[in-house]
Amino acid sequence: MAISIMDMFSIGIGPSSSHTVGPMRAALRFIIAFQRTLELSNIAHIQVELFGSLGHTGKGHGSDKALILGLMGEQPEDVDPDTVEQKLITIQTSGNLLIAGIQSIKFNSDKDIIFQRRKSLPKHPNGMRFSAYDCHQNLLFSKIYYSVGGGFIVNDDINDDSPFIADNRKLPYPFTTADQLMAQCKTHGLSISAL
């Protein structure tokens, strides 16, 4: 699993990366996954269920707000905190949510975000289920994600015994020791921070 320093020090709205950064990323990932199989124009309704710790304390930690922003296509590191409240007020008053900045759907956060305070999903206490429906309330697409801490999310395909998914990306300057790091810097004429 390749993790950069930017992953370890995630940027996003607080107060908790597990309750805001993770859910925002999960909501955006759900929309991206949906777009790989269907057109956003097929969606008439989205429902999100929060389980376990997210179900218990998500409202107080702003998980609902983060989910809405993620569904809108916002990313934790790019969202302008000064615009968040106005965006949420606009959605609340209009009753419409613009998914990924493209598709408008009817949306009522009090009904469409469900805090399952007495239920948990099996693989982690911070579970979320996203469901997209058509205009006849037929389920089009559903995904489960877990916010596992530090803003990291995993989908329901994780293995209980080995929750990390192998990352086969080819890194431009691979190293596993400090000596190898220094050698890469020297070879490529880069400082540690630039590398």
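Residues numbered from 1 in each chain as written. Predicted model: local features only at pLDDT ≥ 70, side-chain atom pairs only at ≥ 80, totals over all residues. Heavy atoms only, no water.

(A) Main features of the nonpolar core. F30, I46, L71 and F130 are the most contacted members of the largest nonpolar core, which has 35 residues in total. Looking at this core, the elements with two or more residues in it are α2 (17-37), β1 (45-51), α4 (63-71), α5 (81-94), β2 (96-99), β4 (113-116), β5 (126-133) and β6 (139-149). Here this core takes seven residues from α2, the largest share from any one element. Residues within four places of F130 in sequence aside, it is in contact with P23, A26, A27, F30, Q47, V48, L67, F141, S142, K143 and Y145. (Core = buried A, V, L, I, M, F, W, Y, C linked by side-chain atoms within 4.5 Å. Buried < 20%, exposed > 50% of the residue type's maximum accessible area, 1.4 Å probe, protein only. Helix = DSSP H or I, 4+ residues; strand = E, 2+ residues; numbered from the N terminus. Contact = heavy atoms within 4.5 Å.)

(B) Molecular detail of the pattern of salt bridges. Enumeration over the complete set of coordinates arrives at three salt bridges. The salt bridge involving E49 is made with R129; its shortest N-O contact spans 2.9 Å. In this pair, E49 is assigned in strand β1 and R129 in strand β5, connecting sequence segments 80 residues apart. Of the charged contacts, one joins K87 and E74 as a salt bridge, the two residues approaching to 2.3 Å between their closest N and O atoms. Of this pair, K87 sits in helix α5 while E74 sits in the loop between α4 and α5, and the two are 13 residues apart along the sequence. Accessibility expressed as a relative area gives 23% for K87, which makes it partly exposed. Taking relative accessible area as the criterion, E74 reaches 17% and is therefore assigned buried. (Salt bridge = Lys/Arg side-chain N within 4 Å of Asp/Glu carboxyl O.)

(C) Molecular detail of the packing of α4 against α5. One way to put it is that α4 packs onto α5 with a least axis distance of 11 Å and a crossing angle of 85 degrees. Between α4 and α5, the crossing angle belongs to the class labelled roughly perpendicular. On α5, the residues touching K65, I68 and L69 of α4 are V84, E85, K87, L88 and I91. Residue classes in the contact of α4 with α5 are distributed as five nonpolar, no polar and three charged. (Axes fitted to C-alpha atoms, helices over the stretch in contact; angles between N-to-C directions. Parallel < 35°, antiparallel > 145°, perpendicular 65-115°, else oblique. Nonpolar A, V, L, I, M, F, W, Y, C, P; charged D, E, K, R; others polar.)

(D) Summary view of the environment of V154. The residue V154 is located in strand β7 (residues 152-155) in this model. Separated by 27 residues in sequence, V154 and G127 have C-alpha atoms that sit 9.7 Å apart. Those residues in contact with V154 that lie beyond four places of it in its chain are I144, Y145, Y146 and V148.

(E) Structural context of the packing of aromatic side chains. Applying the stated criterion to the full structure yields four aromatic pairs. Relative to F130, the ring of F30 has its centre 5.2 Å away and its plane inclined at 20 degrees; by these criteria the two rings are stacked. Of the two residues, F30 is situated in helix α2 and F130 in strand β5; the sequence distance between them amounts to 100 residues. The buried category is assigned to F130, whose relative accessible area is 0%. Here the aromatic rings of F130 and Y145 are separated by 5.8 Å at their centres, their planes lie at 75 degrees, and the arrangement is edge-to-face. Here the residue F130 occupies a position in strand β5, and Y145 occupies one in strand β6, the gap between them amounting to 15 residues. For the residue pair F130 and Y145, the accessibility class agrees, reading buried in each case. Here the aromatic residues F30, F34, F130, F141 and Y145 are joined through ring pairs into a cluster of three or more. (Phe/Tyr/Trp six-rings, centres within 6.5 Å; stacked < 30°, edge-to-face > 60°.)

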